[in-house]
Amino acid sequence: MSFWIGMDVGGTNIVCGIVNEKGEVLNSLKKPTEAHLGTSAVLDKMAQMALELTEGAGLAGRVAGMGVGIPGLADPWTGSSVYSANLNWRDVPLSAELSKRTSLPVYIDNDVRMYVYGEAMFGAGRGVDYVLGLTVGTGIASAMVSRGQLHYGYRNLAGEIGHGMMDGETAPCGCGFEGCLEASASASGMVREAKRRLSEGAPSILSQWFPGDDLAQLSAADLSRAVDAGDSLASEIMNHAGELLGKALVPAVHILSPQVIVLGGGGALAGERLLAPLRRILFTRLLPDFRQDLEIRTASLGDGAGVIGSAMQAKQRHDMNHS
């Protein structure tokens, strides 16, 4: 049996694991990214984590390769991180640099694709041929897995559903436009809206929980807690976000025709608070044949999804290259 290193690189943390051919994580490691130290320092840390795991598990010489999921635009075919705002990277030859440091073949891809691939093949979408995954966190992105293959689109740009502009929305987005889905329906977007409304004096239990300057500590988890407490403001914000997600998914489902939609990221922790309005809007706007067997599920692998997806995508590409 061969073993693979899977790595999920974020702006805050790097999660690394050893994965077997069954998609099982045997051991994992998590360390702060510290992107402010520079590209070389981050690359050194990534390589050290991979080697530390390999040696710690007694698998030196038995690891076949390494897969890495990174935020932003990635070219999986050249192995280059084209642009990552979270890491302040542009045109970093990631595969080549990590191969040099680890003596392993290294395959890279966008982190959301790797997360969705992990969920589609080994998590909430396991056993299903057509899976559309959606991550709701700081931003919103998606990926489609069809019979075990990821859809990339021209220039590998497929999946940026979070930058679809929604009618009636005016919140500024980090991309420079206004009214994008992720500006209002992401976890951070919901928190921004709650803070804005509270600062304007909207009545809410959140004002009692976070008086004055404490409002800066408000999180998406607190919104869920307020919904459960019957708070009308929190319920309104989360309901609106769920409806926006449902509206955005209508054309996606009509174009891609998935069997299962997997909702992941921090937003998935809201569960039915977010899924109920999403489902209500989506299923009332889909053509009957598209909604007949469609299921919406929450992600099941947690932080392991990106690690498993990266490792197993690396295995798939390595096998294809050597077949």
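The structure reproduced in this document is the subject of the present report. (Residues numbered from 1 in each chain as written. Predicted model: local features only at pLDDT ≥ 70, side-chain atom pairs only at ≥ 80, totals over all residues. Heavy atoms only, no water.)

Describing the overall build of the protein chain
Note the threshold: We count a stretch as a helix when DSSP gives it H or I for four or more residues in a row; a strand needs E for two or more, and each element gets its number in order from the N terminus. In this treatment the radius of gyration is a C-alpha quantity, and the globule benchmark scales as 2.2 Å times the residue count to the 0.38 power. Burial here depends on accessible area, computed with a 1.4 Å probe over protein chains only, as a share of the maximum for the residue type. Under 20% is buried, over 50% is exposed, and the range in between is partly exposed. Should any heavy atoms of two residues lie within 4.5 Å, those residues are counted as being in contact. For every accessible area listed, the method is Shrake-Rupley and the probe measures 1.4 Å; residues are considered covered only by the protein chains on display.
Scanning the protein chain from terminus to terminus reveals 11 helices and 13 strands. In terms of overall size, the protein chain behaves like a compact globule, its C-alpha atoms giving a radius of gyration of 20 Å where 323 residues would be expected to give roughly 20 Å. With the principal axes as the frame, the protein chain shows a C-alpha extent of 60 × 50 × 35 Å. Scored against the burial criterion, the 323 residues of the protein chain give a buried share of 52%. Sequence separation of at least 24 residues holds for 62% of the intrachain contacts in the protein chain that already meet a minimum separation of 6. For the protein chain, the computed accessible surface area is about 14,600 Å², with 50% contributed by carbon and sulfur atoms.

Here we look at the sheet that holds strand β2 (residues 13-20)
The strands making up a sheet associate through hydrogen bonds between their backbones, and the pairing can be parallel or antiparallel. Here is the rule we go by: If DSSP finds at least two bridges between two strands, the strands pair. What counts as an axis is a line fitted to C-alpha atoms, over the stretch in contact for a helix, and the angles between N-to-C directions run from 0 to 180 degrees.
The five strands are arranged β3-β2-β1-β4-β8 in an open sheet whose pairing can be described as mixed. Strands at the two margins of the open sheet, each flanked by one partner only, are β3 (25-32) and β8 (106-110). In this sheet, neighbouring strand axes are inclined to one another by 15 degrees on average, regardless of whether the strands run parallel or antiparallel. Summarising the sheet, β2 and β3 pair through seven bridges and their orientation is antiparallel.

Some points on the sheet that holds strand β11 (residues 149-150)
One open sheet accounts for five strands, arranged β11-β10-β9-β12-β13; its pairing is mixed. Bordering the open sheet on either side are β11 and β13 (295-298), each of which pairs with just one other strand. Taken together, the four bridges between strand β12 (residues 260-264) and β13 define a ladder with parallel strand orientation. Paired with Leu263 across the bridge in β13 is Thr298.

With respect to the nonpolar core
Soluble globular proteins tend to bury their nonpolar side chains together. Which entries qualify depends on this criterion: In these notes, a set of buried Ala, Val, Leu, Ile, Met, Phe, Trp, Tyr and Cys residues joined through side-chain atoms within 4.5 Å is what counts as a nonpolar core.
In this structure, Leu181, Leu245, Leu249 and Leu282 are the most contacted members of the largest nonpolar core, which totals 43 residues. Mapped by element, the contributors of at least two residues to this core are β9 (130-136), β10 (140-146), α4 (181-185), α5 (187-199), α7 (220-228), α8 (232-256), β12 and α9 (272-285). Sorting elements by how many residues they give to this core places α8 first, with 12 residues. Among the nonpolar cores identified, the runner-up in size contains 30 residues, and Ala35, Met49, Met66 and Leu104 belong to it.

Description of the pattern of salt bridges
Put simply, the test is: Every case where a carboxyl oxygen of Asp or Glu lies within 4 Å of a side-chain nitrogen of Lys or Arg is listed as a salt bridge.
Evaluated as defined, the whole model comprises 17 salt bridges. Salt-bridge contacts for Glu236 lead to Arg197; the nearest nitrogen and oxygen are separated by 3.3 Å. Of this pair, Glu236 sits in helix α8 while Arg197 sits in helix α5, placing them 39 residues apart in sequence. What makes Glu236 partly exposed here is its relative accessible area of 44%.

Remarks on α8
An α-helix turns once every 3.6 residues. As a result, residues three or four positions apart point the same way. Let me state the cut-off plainly: Expected helix span is computed as 1.5 Å times (number of residues minus one). To get the bend at a residue, fit one axis to the 7 residues ending there and another to the 7 starting there, then take the angle between the axes. Here a polar contact is recorded for every N or O atom pair within 3.5 Å, except that within protein the pair must consist of a potential hydrogen donor and a potential acceptor, and residues adjacent in sequence are included only if both atoms are side-chain atoms.
With 25 residues, α8 should cover 36 Å at 1.5 Å per step; its first-to-last C-alpha distance of 35 Å lies within 8% of that length. The largest bend in α8 amounts to roughly 30 degrees and is located at Leu249, with the proline Pro251 lying one to four residues further along. With a side-chain oxygen lying 3.3 Å from the backbone nitrogen of Leu233, the N-terminal cap of α8 falls on Asp231. Residue Ser257 follows α8 closely and has a positive phi angle near 55 degrees.

Section: unusual backbone geometry
Most peptide bonds adopt trans geometry, and most residues besides glycine take a negative phi value. With phi around 60 degrees, Asn88 is a residue other than glycine that occupies positive phi space. By secondary structure assignment, the location of Asn88 is in the loop between β6 (80-84) and β7 (89-92). For Asn88, a relative accessible area of 68% gives the class exposed. Although it is not a glycine, Ser103 sits at a positive phi angle of roughly 60 degrees. By the secondary structure assignment, Ser103 is in the loop between α2 (94-102) and β8.

Some remarks on the packing of aromatic side chains
Rules: Two rings belonging to Phe, Tyr or Trp (six-membered ring only in the last case) form a pair when the distance between their centres is within 6.5 Å. Interplanar angles under 30 degrees mark stacking, angles over 60 mark edge-to-face geometry, and anything in between is tilted. To sit over a ring, a charge needs its Lys NZ or Arg CZ within 6 Å of the ring centre and within 35 degrees of the ring normal.
Scanning the entire structure with this criterion turns up one aromatic pair. For the cation-ring pair, Arg225 lies above Trp209, with the distance from its terminal atom to the ring centre recorded as 4.0 Å.

A look at the environment of Gly65
Within the fold, Gly65 resides in strand β4 (residues 63-70). Expressed as a C-alpha distance, the spacing of Gly65 and Ile161, which sit 96 residues apart in the sequence, is 31 Å.

A closer look at the side chain of Ser310
By the element assignment, Ser310 lies in helix α11 (residues 304-321). Classification of Ser310 by relative accessible area gives buried; the value is 1%. Not counting residues up to four positions away in its chain, the partners in contact with Ser310 are Gly6, Met7, Gly67, Val68, Gly69 and Met114.

That's the geometry; what it means functionally is another story.
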